[in-house]
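Here are the chains, one letter per residue:
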Amino acid sequence: MLNTYKYLCKKNTRFIIKNKKQNNMDNCIFCKIIKGEIPCEKIYEDEYTLAFLDIMPVNEGHTLVIPKKHSEQLILNHDGDLHHVMDTIRKVVPIILKAVKADGWNLGVNNGKAAGQAVFHTHFHLIQRFANDGLKHWPHKNSTPEERTKLAEKIQQVLK
Ligand code: AMP
Ligand code: ZN
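What you are looking at is a predicted structure, and each value in this text was computed from that prediction instead of being measured.

Chemist: Tell me what's going on with the confidence of the model for the protein chain, and back it up with residues and numbers.
Modeler: Mean pLDDT for the protein chain: 88, with 86% of residues reaching 70 or above. Contacts for the low-pLDDT stretch residues 1-9, under 50 throughout, to residues beyond four places or in other chains number three contacts. Within the model, the stretch residues 13-20 combines pLDDT values under 50 with five contacts to residues more than four positions away or in other chains.

Okay, here's the thing in structure tokens:
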């Protein structure tokens, strides 16, 4: 069991390194999982989405939910069809929480390399949380009211 896990991790790391720029369906590891070309521990599947266990979990129960339609990241290539992903998240979360007896959960999406994205097929991390699990939230910075007003104006300018 441990050996299989190690083998998959190694194979997988090699695949990710080899395909650093995974920007199409042919070299996308998650598309390969959807097609059954790479194994996964499936939690749930329907016409539009797939939920499976993360191979390197942050905590027990860490699950990835992906749209079957390939897109590099959340804001690309989806014309209002992401609600299927949300439906799946709402379906599987209570089940996973119960199974691993978690106290809470985080929903995370990394978009772009700078944000920590390693696999370039849109995916939602469902990370189960346990009281005193030692995980830290990202650190916050202070901001002044003036800075916030200036920034909001800057964003509004782009909106126009
Ligand atoms: P991200 O940094 O948001 O792109 O996260 C990618 C996630 O995919 C990481 O948490 C990996 O552990 C996970 N992952 C990569 N390959 C696989 C795989 N073959 N099966 C399951 N999870 C994977
Ligand atoms: Zn893909």
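Chemist: Requested: an account of helix α4 (residues 145-159), with residues and values cited.
Modeler: Between its terminal C-alpha atoms α4 stretches 21 Å, which fits the 21 Å expected from 15 residues at 1.5 Å a residue. Where burial is concerned, little of α4 is hidden: zero out of the 15 residues are buried.

Chemist: Explain the sheet that holds strand β5 (residues 124-129) to me, using residue names and the numbers behind them.
Modeler: The strand order β1-β2-β3-β5-β4 describes an open sheet built from five strands, whose pairing is antiparallel. The sheet is open, and its two borders are formed by β1 (42-45) and β4 (104-108), each paired with just one other strand. Each strand axis lies, on average, 20 degrees off the axis of its neighbour in the sheet, ignoring direction. Inspection of the sheet shows β4 paired to β5 by five bridges, in the antiparallel sense. Across the sheet, the residue bridging to G104 is R129, located in β5. On top of the sheet, helix α3 (residues 83-100) reaches β1, β2 (49-53), β3 (63-67), β4 and β5; it is set at about 25 degrees to β5, its chief contact.

Chemist: Give a description of the pairing of β2 that names residues and reports values.
Modeler: For β2, the buried fraction is high: four of the five residues fall into the buried class. Where β1 meets β2, three bridges bridge the pair, whose relative direction is antiparallel. Paired with E45 across the strands is L50, a residue of β2. Counted along the chain from β1 to the antiparallel partner β2, the turn is three residues long.

Chemist: I'd like to hear about the site of ligand 1, residue by residue, with values.
Modeler: Every one of the 13 residues lining ligand 1 counts as a neighbour, but I55, M56, N110, A118 and V119 are closest to it. Of the residues that constitute the shell around ligand 1, the class distribution is eight nonpolar, four polar and one charged.

Chemist: So, the nonpolar core: which residues are in play, and what are the values?
Modeler: Residues A51, L64 and V65 are the most contacted members of the largest nonpolar core, which totals 17 residues. Residue assignment for this core shows that the elements contributing at least two residues are α2 (29-34), β2, β3, α3 and β5. If sequence neighbours within four positions are ignored, V65 has contacts with T49, A51, V85, T88, I89, H123, F124 and L126.

Rules behind the numbers
Residues numbered from 1 in each chain as written. Chains lettered and ligands numbered in written order. Predicted model: local features only at pLDDT ≥ 70, side-chain atom pairs only at ≥ 80, totals over all residues. pLDDT = per-residue confidence, 0-100. Contact = placed C-beta atoms within 7 Å. Helix = DSSP H or I, 4+ residues; strand = E, 2+ residues; numbered from the N terminus. Expected span 1.5 Å × (residues − 1). Buried ≥ 20, exposed ≤ 12 C-beta atoms within 10 Å, placed from the backbone. Pairing = 2+ DSSP bridges. Axes fitted to C-alpha atoms, helices over the stretch in contact; angles between N-to-C directions. Near = placed C-beta within 6 Å. Nonpolar A, V, L, I, M, F, W, Y, C, P; charged D, E, K, R; others polar. Core = buried A, V, L, I, M, F, W, Y, C linked by C-beta atoms within 7 Å.

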